[in-house]
Amino acid sequence: MDGAMLVDNGGPGLEMTGAINYGYEATPETKEGTETPQWTTVSLKKEQPQGESTPQSIEAPKAANRQEWDKPIEFLLSCISMSVGLGNLWRFPVTAFENGGGAFLIPYIIVLFVIGKPLYYMEMAVGQFCNLGPVKIWNLCPAFRGVGWGQVISMTCVATYYCSLMAISVFYFCASFTSELPWSQCEETWKNCSDSKPGSGNSTAQPGFRSSSEIYFLRTVLNQKENIDDGIGLPDWRLTLCLLFAWAFIFIVLSKGVKSSGKAAYFTAIFPYIVLVALLIRGATLPGAVNGIIYFINPRWEDLLKPTVWTAAITQCFFSLNVSFGSVIFYSSYNNFRHNYHRDVWIITTLDTFTSLLAGFTIFSILGNLAYELGVEDIRSVVQGGTGLAFVSYPDAIAKFKTIPQLFSVLFFLMLFVLGIGSAVSVTGALVTIYKDFHPNAKIWKVTLIISIIGFASGIAYVTQGGQFILALVDYYGASFIVYVLSTLEVIAISWVYGLENLCQDIYFAIGEKVGAYWRLCWGILIPCILCVILTYSFMNFIPLTYAGIPYPFPAHAFGIALSTLGLIPVPIWMAVELFRHREKTFFKMVKSAFSPNEKWGPANEKVKEEWQLYKEVCRSEKSWHENKFKYVIRILFGVEKR
């Protein structure tokens, strides 16, 4: 792989600070009537510093006033902890089950390769290139800065309701330290209830009866209302304390930025796999487990023709990998400029898919045993989606374990809490980074404390009697819907406005990796077109949200629409602001200036930025201005170029 050394033969040599040689030696050529040297390429060669085997091992100078990961492995583990989070355990199995079973894996894997991996690569490349957070990176296209601010809204929504799920996990974790699991048997006041624990006098399921696990979750844990027509009720003091504990834990993990969160990632990334494998081994040995696994992977091919299945696959991909929420940009912005993230993208996204499948096999092996114990053949009758899977179906199955169910309960809910930490830390840390980008001298722990307090106060709504109604509402309007729009705008802004050619050149300059046709075609054509189609379909087939079949009152929908508006309105506002800043120019130049990179865009280190600017000059000098536009597009899409 070639690299470049730019040498000014007309003066002192330009020292490439920690740079990769790109295979070019350029000399200035002064044309008549000009004083500025014009850079031209005069030769091709490859040079590497002695003692270095690959360009990727060369580190660039650290960006001023910005942390870096202590070790590359901490960055990798943090990304794994972020991606392998709650979305894999409580969202993927049921999403797959409800959208074709095993057939859902086909659109999911296609979406992963066409949208998930390329988007992950793009966000990681942009964040590391400029060492800036999700808002400041839009120096590359200032008119789209509203996308970054919209992601702030979606990150806030996700962080708050992730922590509410962590709070419930803490509640169940503490409740597991009893001689008898409290949800295993019915209480006297519970009507139409059957015990989850087998062998008791009230363990036979009857028509219209509900399990003690379900009633325990709805009445004892949530004290849930029938509807929220008259309000969401008061917060539960026990869940409020659990929520406080969850936010306190997040504050501790993020109190020193990536220096502390990187250390925590050793545990948050590895521990869930240990528990999942242990639970899978245990689950696979239970009667009926094989039927559960077969039911999970059994394909319903006719569902592949339903657009809703493909929409569900894309949504799951976003939540599973955490793309388009700003978290990937946040983590990569603390990398060294020369860090080779190419291999990291493949490791993380592949491991994420493996974990989703592992979680599916684990959960449905347990649910297969649950169906066996209840004497039902249709496993669909024992499956509940969302929070119901984690806090009803699984506790119900654990209660039927004949051997130390308390141990498996403790392990499961501890794992759930750890998964929540990985997910919540990534979005909360991104919010901290956004603030730090604007106020670099602010103390990290103070910023983290303020955001944690705000997050805790906002999260109290989720621990009220109508909290699960609010969670579903915020997830629908504040996360799922917004992420479609913002991800579409993000990829259009970077690939089409900033330019695919510029992006690929920046990647080559940073890590010395020539971007292949697979990535270029996905960024330039497939992702923008697919997301635009899905977005249009979502608008045309909008269905009012319900919770467990219960419709929301009008004020709730009004709140949801306001939340979506709050996340999307920054986009046109910032476009108008940028156009106004250049109002003194002609219309064409005003638009061009608003949508072109500003002077702050580029590598954070000034010396590296100078080298990048010289490198871009060389690229421009090689460009043929008489090239046919069709040939130009083909050349860029298929990478038929030197970089």
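Cut-off values and rules
- Residues numbered from 1 in each chain as written.
- Predicted model: local features only at pLDDT ≥ 70, side-chain atom pairs only at ≥ 80, totals over all residues.
- Heavy atoms only, no water.
- Helix = DSSP H or I, 4+ residues; strand = E, 2+ residues; numbered from the N terminus.
- Buried < 20%, exposed > 50% of the residue type's maximum accessible area, 1.4 Å probe, protein only.
- Contact = heavy atoms within 4.5 Å.
- Salt bridge = Lys/Arg side-chain N within 4 Å of Asp/Glu carboxyl O.
- Expected span 1.5 Å × (residues − 1).
- Arc of directions from axis to C-beta.
- Phe/Tyr/Trp six-rings, centres within 6.5 Å; stacked < 30°, edge-to-face > 60°.
- Lys NZ or Arg CZ within 6 Å of the ring centre and 35° of its normal.
- Core = buried A, V, L, I, M, F, W, Y, C linked by side-chain atoms within 4.5 Å.
- Axes fitted to C-alpha atoms, helices over the stretch in contact; angles between N-to-C directions.
- Left-handed = near helix turned anticlockwise from the far one by under 90°.
- Nonpolar A, V, L, I, M, F, W, Y, C, P; charged D, E, K, R; others polar.
- Parallel < 35°, antiparallel > 145°, perpendicular 65-115°, else oblique.
- Polar contact = N/O pair within 3.5 Å; in protein donor to acceptor, adjacent residues only side chain to side chain.
- Patch = residues over 30% accessible without salt bridge, like charges linked within 9 Å, V, L, I, M, F, W, Y side chains within 5 Å.
- Areas by Shrake-Rupley, 256 points an atom, 1.4 Å probe, with all protein chains shown as cover.
- pLDDT = per-residue confidence, 0-100.

Some details on the overall build of the protein
- A tally of helices and strands in the protein yields 21 helices and seven strands.
- Counting over 643 residues, the protein shows a buried share of 57%.
- Look at the contacts in the protein between residues 6 or more apart in sequence, and 78% of them connect residues 24 or more apart.

Topic: the pattern of salt bridges
- Applying the stated rule across the entire model yields 12 salt bridges.
- Between Lys197 and Glu180 there is a salt bridge, and its shortest N-O distance comes to 3.0 Å. Here Lys197 is found in the loop between β4 (193-194) and β5 (210-211), whereas its partner Glu180 is found in the loop between α4 (145-175) and β4, with 17 residues between them in sequence.
- Judged by its relative accessible area of 33%, Glu180 falls in the partly exposed class.
- The salt bridge partner of Arg620 is Glu617, with a shortest N-O separation of 2.8 Å. On the criterion of helical spacing, the pair formed by Arg620 and Glu617 is a turn pair, its members being three residues apart in helix α20 (residues 606-622).

Quick notes on unusual backbone geometry
- A positive phi angle is found at Asn192, which is not glycine, with a value near 50°.
- Assignment of secondary structure puts Asn192 in the loop between α4 and β4.

Considerations on helix α14 (residues 444-459)
- For α14, spanning 16 residues, the distance from its first C-alpha to its last is 22 Å, which sits close to the expected 22 Å at 1.5 Å a residue.
- Every buried residue of α14 is accounted for by Ile444, Val447, Thr448, Ile451, Ser452, Gly455, Phe456 and Gly459. Here the buried residues of α14 occupy an arc of 165° about the axis, which is enough to place them on one side. The exposed residues of α14 that point more than 90 degrees off its buried face are Ile450, Ile453 and Ile454.
- Looking at the buried side of α14, the elements it contacts are α4, α6 (237-254) and α13 (405-438).

Here's the deal with the packing of aromatic side chains
- Summed over the entire model, instances satisfying the criterion amount to 51 aromatic pairs.
- Seen from their ring centres, Tyr161 and Tyr162 are 5.4 Å apart, and the 85° between their planes marks the pair as edge-to-face. Each member of the pair Tyr161 and Tyr162 is classed as buried.
- With a centroid separation of 4.5 Å and 55° between ring planes, the pair formed by Phe469 and Tyr547 is classed as tilted. A residue pair is termed long-range when its members are at least 10 positions apart, and Phe469 in helix α15 (residues 467-511) and Tyr547 in strand β6 (residues 546-547) qualify at 78 residues. Comparing Phe469 with Tyr547 shows no difference in burial state: the two are buried.
- Here a set of aromatic residues connected by ring pairs shows up, and it is made of Phe171, Tyr172, Trp183, Tyr216, Phe217, Phe391, Tyr394, Phe412 and Phe413.
- Positioned above the aromatic ring of Phe438 is the side chain of Lys136, whose terminal nitrogen or guanidinium carbon lies 4.6 Å from the ring centre.
- Between the NZ or CZ atom of Arg145 and the centre of the ring of Trp574, over which it lies, the distance is 5.9 Å.

Quick notes on the nonpolar core
- Tyr120, Phe412 and Trp523 are the most contacted members of the largest nonpolar core, which has 182 residues in total.
- When residues of this core are assigned to their parent elements, the largest contribution, 22 residues, is made by α15.
- Judged by nonpolar contacts, the second largest core, of nine residues, contains Ala472, Leu473, Leu545 and Ala556.

Notes on the packing of helix α3 (residues 105-130) against helix α16 (residues 517-540)
- At a closest axis distance of 9 Å, the pairing of α3 and α16 adopts a crossing angle of 115°. Crossing of α3 over α16 shows left-handed handedness. Between α3, through Phe113, Val114, Ile115, Lys117, Pro118, Leu119, Tyr121 and Met122, and α16, the contact on the second element is made entirely by Tyr518, Trp519, Cys522, Trp523, Leu526, Ile527, Ile530 and Leu531.
- Of the residues in the contact of α3 with α16, the class split is 15 nonpolar, no polar and one charged.

Looking at the packing of α4 against helix α17 (residues 554-568)
- Across the interface, α4 lies against α17 with an axial gap of 6 Å and an inter-helix angle of 135°. In terms of orientation, α4 and α17 fall into the oblique class. Only Leu563, Leu566 and Gly567 of α17 make contact with α4, whose side of the interface consists of Gly150, Ile153 and Cys157.
- Its residues assigned to classes, the contact of α4 with α17 comprises four nonpolar, two polar and no charged.

Comments concerning the side chain of Ser196
- Relative to the elements of secondary structure, Ser196 occurs in the loop between β4 and β5.
- Within the local environment of Ser196, its side chain forms a polar contact with the side chain of Asp396, the two groups lying 2.4 Å apart.

Some points on a nonpolar patch on the surface
- A contiguous nonpolar patch, built from Phe630, Ile634, Phe638 and Val640 and spanning about 410 Å² of accessible area, is present on the exposed surface.
- Following the sequence through the fold, Phe638 ends up in helix α21 (residues 629-638).
- The exposure class assigned to Phe638 is partly exposed, which follows from its relative accessible area of 43%.

Things to note about the confidence of the model for the protein
- In the predicted model, the protein carries a mean pLDDT of 84, and the fraction of residues at 70 or more is 87%.
- Per-residue pLDDT, averaged within each element of the protein, yields its smallest value for strand β1 (residues 5-6) (35) and its largest for α6 (97).
- A low-confidence stretch, residues 1-57 (pLDDT under 50), is modelled with 123 contacts involving residues beyond four sequence positions or located in other chains.

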